[in-house]
Amino acid sequence: MAVLYIDYQSPNNQFYFDLRNNPFFQRDQQNFINAVGRDQVNTLGNASILDIYLSQGKYVEPHIHQNASEIVYCVSGAAIVSFINPFTNQLHHIPIQPGQIANVPQGFWHYEVATVDDTHLLAIFDAPYPQAIFGSDILRLTPSEVMANSYCLDKQEWQEAVEPIKQTVIIGPPDGCQRQETTYTEYLPYTYPYTGQTSSTFYPTYPYYHGAY
């Protein structure tokens, strides 16, 4: 990690910020993201936070942070954090509820879905300016002939499939989506390391676990 040289005697030092003053993305009143990084708090160092609010069934779309690892902490509600481990090609689904975290290493393809309304997550990064490559941009900006030729797809069917994606999604699905909602049961059960507890529903009911590992 790079060593930062901050003049803590400077009268311009910033030690406080209200995340509500820096909206990163807003879909509606129940689904939005606020952010804080070094531009907001110049003494922050190599860290940043996304403050995420989601209603049931809403996703933070699949994406990669190419320059940062991410800890997803559940403040309230419940969510499932999913990622592909590129070293094993395994897809992992980690349900979290208040007081629990899921760790997403740098460069892992991942996404989050709220399994109840009023879910509040904190995404904490080890970089002051976390970069992101979003799945919606890959799907809509890659030429259809490239996808068709690479994966033996019907070009016309592919174009029709991705046509609704007009911009970066960030929180999905888009309004007006008529698809059938998932029940999340395909993600379970999940056995939590250290505790040995196994989740049996999409909203885990075991006691909050804390203490040293």
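Structure report, in brief. All values derive from a computational prediction rather than experimental measurement.

## As for the pairing of strand β1 (residues 23-26)
For β1 and strand β2 (residues 32-36), the ladder comprises three bridges, and the chain directions are antiparallel. Along β2, the bridge assignment pairs P23 with N34. Hairpin remark: β1 followed by β2, antiparallel, with five residues in the connecting loop.

## A look at the packing of helix α2 (residues 144-151) against helix α3 (residues 155-162)
At a minimum axis separation of 9 Å, α2 and α3 run at an interaxial angle of 125 degrees. Comparing their axes, α3 and α2 come out oblique. The two elements α2 and α3 meet at a crossing, and its hand is right-handed. For the pair α2 and α3, the contacting residues are S144, E145, M147 and A148 in the first and K155, W158 and Q159 in the second. When its residues are assigned to classes, the contact of α2 with α3 shows three nonpolar, two polar and two charged.

## Focus on the packing of aromatic side chains
If you walk through the whole model with that rule in mind, you get four aromatic pairs. Ring centres of F32 and Y53 lie 4.7 Å apart, and the angle between their planes is 20 degrees; this geometry places the pair in the stacked category. In this pair, F32 sits in strand β2 while Y53 sits in strand β3 (residues 48-54), placing the two residues 21 residues apart along the sequence. Look at F32 and you get buried, because its relative accessible area is 18%. For Y53, a relative accessible area of 26% gives the class partly exposed. With a centroid separation of 6.4 Å and an interplanar angle of 50 degrees, the aromatic rings of F87 and F108 are classed as tilted. Within this pair, whereas F87 is found in the loop between β6 (79-85) and β7 (90-96), its partner F108 is found in the loop between β8 (101-104) and β9 (109-114), the two being separated by 21 residues in sequence. Of the aromatic side chains, those joined through ring pairs into one cluster are F83, F87 and F108.

## Some details on the layout of surface pockets
Approximately 700 Å³ is the volume found for the largest pocket. When contributions to the lining of the largest pocket are tallied by element, the ones reaching two or more residues are β4 (59-64), β9, α1 (135-141) and β12 (171-172). If you tally residues by element for the lining of the largest pocket, the top one is α1, at four residues. A per-class count over the lining of the largest pocket returns 15 nonpolar, five polar and five charged.

## Side note on a nonpolar patch on the surface
Together, I71, I101 and I124 make up an exposed nonpolar region whose accessible area comes to about 220 Å². Mapped onto the secondary structure, I124 falls in strand β10 (residues 119-125). The partly exposed category is assigned to I124, whose relative accessible area is 32%.

## A look at the pattern of salt bridges
Pairs may arise between side chains of opposite charge once their charged atoms sit close together. Counting across every chain of the model gives five salt bridges. The residue R20 makes a salt bridge to D18 at a minimum N-O spacing of 2.7 Å. Across the salt bridge formed by K166 and E163, the nearest N and O atoms sit 2.4 Å from each other. Given the relative accessible area of 59%, K166 is considered exposed.

Conventions we followed
- Residues numbered from 1 in each chain as written.
- Predicted model: local features only at pLDDT ≥ 70, side-chain atom pairs only at ≥ 80, totals over all residues.
- Heavy atoms only, no water.
- Pairing = 2+ DSSP bridges.
- Helix = DSSP H or I, 4+ residues; strand = E, 2+ residues; numbered from the N terminus.
- Axes fitted to C-alpha atoms, helices over the stretch in contact; angles between N-to-C directions.
- Parallel < 35°, antiparallel > 145°, perpendicular 65-115°, else oblique.
- Left-handed = near helix turned anticlockwise from the far one by under 90°.
- Contact = heavy atoms within 4.5 Å.
- Nonpolar A, V, L, I, M, F, W, Y, C, P; charged D, E, K, R; others polar.
- Phe/Tyr/Trp six-rings, centres within 6.5 Å; stacked < 30°, edge-to-face > 60°.
- Buried < 20%, exposed > 50% of the residue type's maximum accessible area, 1.4 Å probe, protein only.
- 1 Å grid on protein atoms, 1.4 Å probe; cavity = no way out; pocket = protein on both sides within 12 Å on 5 of 7 lines; lining within 4 Å.
- Points joined across faces, edges and corners; volume = space filled by probe spheres on them.
- Patch = residues over 30% accessible without salt bridge, like charges linked within 9 Å, V, L, I, M, F, W, Y side chains within 5 Å.
- Areas by Shrake-Rupley, 256 points an atom, 1.4 Å probe, with all protein chains shown as cover.
- Salt bridge = Lys/Arg side-chain N within 4 Å of Asp/Glu carboxyl O.

That is the geometry; function is a separate question.
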